[in-house]
Amino acid sequence: MTTHDLPTTGDLTPLLEPLKALANPVRLQVLQWLRDPEDHFPVNPEVTDPRRVGVCVSHIQAKTGLAQSTVSAYMATLERAGLVRSTRVGKWTHYRRDEERIAWLVEELRGGVGNTEGLGLLETVS
C-alpha cells in the first residue's frame, strides 16, 4: 500500500508525534517512571511536589545513566509530543506527565486503530 492509497477516514497526524516519541525505549521508560514518581525518583517535598511540579531533569538523567544533553533532548521530544509538561524551578527544569493528553492518546488509539486488545503500549502508557 502506498501513501496515496491510505484511507482518509480521519486525520491521524495528531497521533504521529506521540507515537514517534514513544518508539524510543528510554523515552517510554521515563514516561512509565513519571507515572509514579515517588517510587522511582528521590522526593524532597520542601523543594517540589513531584506530582504537581514534576521530577528534576537531573534525577531523570541520573536514573537513565545517560548524558544530560541526551536526556534533555529526550524530554524535549516528549514535551513536543504533548506527553509531558515542564516547569522551571530556579535553574532546574522539572517534568511531569500530561495525564489528560495521555488519556486522549489512549482513547484515540483504542477508537481509531481498531481492536487494541493485547496492545501492550496502551497498558504501558496509561
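Summary of the structure given here. The shown structure was predicted, so the numbers you read here are calculated from the model rather than taken from an experiment. (Residues numbered from 1 in each chain as written. Predicted model: local features only at pLDDT ≥ 70, side-chain atom pairs only at ≥ 80, totals over all residues. Heavy atoms only, no water.)

Concerning the nonpolar core
Leu 34, Ile 60, Met 75, Leu 83, Val 84 and Tyr 95 are the most contacted members of the largest nonpolar core, which totals 23 residues. For this core, the secondary structure elements donating two or more residues are helix H1 (13–22), helix H2 (25–35), helix H4 (57–64), helix H5 (68–80) and helix H6 (99–112). With 5 residues, the top contributor of residues to this core is H2. Not counting residues up to four positions away in its chain, the partners in contact with Val 84 are Leu 31, Leu 34, Met 75, Leu 78, Glu 79, Tyr 95, Arg 96, Arg 97 and Asp 98. (Core = buried A, V, L, I, M, F, W, Y, C linked by side-chain atoms within 4.5 Å. Buried < 20%, exposed > 50% of the residue type's maximum accessible area, 1.4 Å probe, protein only. Helix = DSSP H or I, 4+ residues; strand = E, 2+ residues; numbered from the N terminus. Contact = heavy atoms within 4.5 Å.)

Section: the packing of aromatic side chains
This structure, assessed with the given rule, holds 1 aromatic pair. Pairing Trp 33 with Phe 41 gives two aromatic rings, centres 6.2 Å apart and planes at 85°, and the pair type is edge-to-face. Phe 41 shares its class with Trp 33; the two are buried. Looking at Arg 27, its charged tip hangs above the ring of Tyr 74, at a distance of 5.2 Å from the centre. (Phe/Tyr/Trp six-rings, centres within 6.5 Å; stacked < 30°, edge-to-face > 60°. Lys NZ or Arg CZ within 6 Å of the ring centre and 35° of its normal.)

Thoughts on the pattern of salt bridges
Working definition: two side chains of opposite charge can pair if their charged atoms are close together. Counted by the stated rule, this structure contains 4 salt bridges. Two residues, Lys 20 and Glu 17, come together in a salt bridge whose shortest N-O distance is 2.9 Å. Taken as a pair, Lys 20 and Glu 17 lie in helix H1 at a separation of 3 residues, close to a single helical turn. Of the residues examined, Lys 20 reaches a relative accessible area of 49% and is grouped as partly exposed. (Salt bridge = Lys/Arg side-chain N within 4 Å of Asp/Glu carboxyl O.)

Considering the sheet that holds strand E3 (residues 92–97)
As summarised here, the arrangement of the 3 strands in space is E1-E3-E2, forming an open sheet in which the pairing is antiparallel. Where the open sheet ends on each side, the last strands, each with one partner, are strand E1 (55–56) and strand E2 (84–89). The pairing of E1 with E3 spans 2 bridges and is classified as antiparallel. Within E3, the position partnered with Cys 56 by the bridge is His 94. Across the face of the sheet, H2 comes into contact with E1, E2 and E3 while running at roughly 80° to E3. (Pairing = 2+ DSSP bridges. Axes fitted to C-alpha atoms, helices over the stretch in contact; angles between N-to-C directions.)

A closer look at the packing of H4 against H5
Here H4 crosses H5 at 115°, and the two axes come no closer than 9 Å. Relative to H5, H4 is oriented roughly perpendicular. For H4 against H5, the interelement crossing comes out right-handed. Every residue of H5 that contacts H4 at Val 57, Ile 60, Gln 61 and Thr 64 is listed here: Gln 68, Val 71, Ser 72 and Met 75. Across the contact of H4 with H5, the residue classes tally to 4 nonpolar, 4 polar and no charged. (Parallel < 35°, antiparallel > 145°, perpendicular 65-115°, else oblique. Left-handed = near helix turned anticlockwise from the far one by under 90°. Nonpolar A, V, L, I, M, F, W, Y, C, P; charged D, E, K, R; others polar.)

Describing the packing of H2 against H5
The contact between H2 and H5 brings their axes to 10 Å, and the two run at 75°. It follows that H2 is roughly perpendicular to H5 by the angle criterion. Seen from H2, the contacting residues are Val 26, Arg 27, Val 30 and Leu 34; seen from H5, they are Tyr 74, Met 75, Thr 77 and Leu 78. Looking at the contact of H2 with H5 residue by residue, the class counts come to 6 nonpolar, 1 polar and 1 charged.

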